[in-house]
Amino acid sequence: MDWEETVASVPLFKEIKNYQSCGEGILPSQELRHFVDNGVICSHREIEPEQIQPASIDLRLWDTAYRVRASFLPSKSTTLLNKATTNGLFDTKLDISEPTLLEPRAVYIIRLVESLALPSDVYGVANAKSTTGRLDIFTRLITEVGDEFERVPKGYRGDLYIQVVSRSFPILVRSGMKLNQLRLVRGRSNPVADSGLKELAKDDLLVFNEEPSSEQGDINRGLRITVDLKGTADSDIVAYEAKRYTQPVSLNQVQYYDPADFWSPIRKPEKGYIVLEPENFYLLASKQPVRVGPDHAAEMVPYDPTTGEFHVHYAGFFDPGFGYGVGGEIQGSKAVLEVRAHGMPVMLEDDQFVGRLNYYKMAATPDKVYGVSIGSSYQKQGLALSKQFKQSGFAEREKVMSTSDPDAMQGVPAKHSLTSRNEIKRRSDLGEDDSILDIAFPQKTSAITLQAKTRT
């Protein structure tokens, strides 16, 4: 079947009888499965169980991608493909049934495997998955006819597309990969008002503090999120800055890449602030250990003009159970902030306000919540890179750099060890001329040094 043709309009599964629909709000996992069974969510390929998240469904890439000359939206009078063809926007057609390179800062349009036949009272809201955002991959959902990104109107029937721009790294993608996710909402779903948030805060359902008398969250048009530049007892790394001109990142790899090849760590600043360079990409962590109870979902407000010239958090969805677990056993998880300064340097100070977290009522409590048991990658996280990178990468380097055990330093180049650099300076000051080679390359120089001393 050609990718421009409509995917299967016949449901893949037999309709479930006597299903009691949920009320108004964000639809939970069990109703999403019901929509799959009834053909409201359609797919030419069988929908995998792990695609159904507590409050959203992951969407998959189809077999064909188009590189386009510019980002664009269709209009209500024509389809996306017709508009692109008429305006000569299609540049290159790519077969992504095998791993395919997407170049940094190039714009691609990719059809999704899933399509929709929504009821008249249900609409959709899309966003990038957490891993996608942490890799600085900018995605936007596009409907067949429509004039908004990331929104699916009530009663929509048709195909779905995704616009993909990898802004930092070249990436390898293939069909079946999941870059974004879709929430479906019945009726109206407004953010919980501040009065309601204050009630949630009384039960530790927004942030977690060990001291019961301490502040349970700064609430003002949502939960205010601030940035952490103090670090932790385990690490003084407070941010990561994406490097340029790296090797491609294959999105299907897990715990594979050395983070030092792609990221520069930023350590706790002595003066209490860091300066974001224009158009560079950074990962930081929130000061607050965020919690989302099972009856709510949350979304980070992506941009607020009052916070200055920078964009915070591409991947804005927080599932029920994030930082909370099933029964409150988890004491919060930091929100990782995906930040880019626009046009000018921006100074960030510790505990500076950078955005808001809005909470929304679920239409019903989902039958599963965010966590390791359903394959969630970032529960109990601190400042965490995406799952493609080895979590122990920088931690192992820090351990080596701080060790004073001579045996542990064998074979470690001086530039990677503070202990080695200090020892080089000490011996050099004492006139021990052979010390630099001896320390930097102990195994290679020991025999040479011994021969020289024997001749002397």
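Note that this is a predicted model, so its numbers are computed, not measured.

Draft legend 1. Highlighting the overall build of the chain. Check the secondary structure of the chain and you find eight helices and 24 strands. Once local pairs closer than 6 in sequence are excluded, the contacts in the chain between residues at least 24 apart make up 79%. Summing over all exposed atoms, the chain offers an accessible surface of approximately 21700 Å²; the carbon and sulfur share of this is 49%.

Draft legend 2. Just the pairing of strand E24 (residues 353-361), in detail. Counting buried positions along E24 yields eight of nine residues, so the element is predominantly enclosed. Sheet analysis places strand E13 (residues 223-226) next to E24, joined by four bridges and oriented antiparallel. Bridged to isoleucine 225 within E24 is glycine 355.

Draft legend 3. Local environment of unusual backbone geometry. The backbone phi angle of aspartate 136 is positive, close to 60°, even though this residue is not glycine. Mapped onto the fold, aspartate 136 is located in the loop between helix H3 (130-134) and strand E8 (137-143). Even without being a glycine, arginine 221 presents a positive backbone phi close to 60°. Along the polypeptide, arginine 221 turns up in the loop between helix H4 (194-202) and E13.

Draft legend 4. Region of interest: the sheet that holds E13. Read across the open sheet, the four strands follow the order E13-E24-E19-E21; overall the sheet is antiparallel. Unpaired on one side and paired on the other, E13 and strand E21 (317-318) mark the two borders of the sheet. With two bridges joining them, strand E19 (residues 296-300) and E21 adopt antiparallel strand pairing. Its bridge partner being in E21, glutamate 299 is matched across the sheet by phenylalanine 317.

Draft legend 5. Representation of the sheet that holds strand E11 (residues 171-173) in the model. Across the sheet, which stays open at both edges, the three strands sit in the order E5-E11-E15 with mixed pairing between neighbours. With partners counted over all chains shown, the strands left at the sheet margins are strand E5 (100-102) and strand E15 (249-250), one partner each. Pairing of E5 with E11 involves three bridges; the strand directions are antiparallel. Residue pairing across strands places leucine 102 opposite isoleucine 171, the latter belonging to E11.

Draft legend 6. Highlighting the environment of leucine 357. Mapped onto the fold, leucine 357 is located in strand E24. Ignoring any residue separated from it by four or fewer positions in sequence, one finds leucine 357 in contact with Gly222, Leu223, Ile225, Val290, Ala298, Glu299, Met300 and Phe318.

Draft legend 7. Local environment of the nonpolar core. Core analysis: the largest hydrophobic core is formed by 55 residues, its most contacted members being Ile41, Leu61, Leu182, Leu184, Leu251 and Trp263. Contacts of leucine 184, omitting those with residues within four sequence positions, involve Gly25, Ile26, Leu27, Leu32, Phe35, Ile41, Leu118, Val122, Tyr123 and Gly124. In terms of nonpolar packing, the next biggest core, distinct from the first, is built from 36 residues, Val192, Tyr282, Val292 and Phe322 among them.

About the thresholds
Residues numbered from 1 in each chain as written. Predicted model: local features only at pLDDT ≥ 70, side-chain atom pairs only at ≥ 80, totals over all residues. Heavy atoms only, no water. Helix = DSSP H or I, 4+ residues; strand = E, 2+ residues; numbered from the N terminus. Contact = heavy atoms within 4.5 Å. Areas by Shrake-Rupley, 256 points an atom, 1.4 Å probe, with all protein chains shown as cover. Buried < 20%, exposed > 50% of the residue type's maximum accessible area, 1.4 Å probe, protein only. Pairing = 2+ DSSP bridges. Core = buried A, V, L, I, M, F, W, Y, C linked by side-chain atoms within 4.5 Å.

Nothing here speaks to function; it is all geometry.
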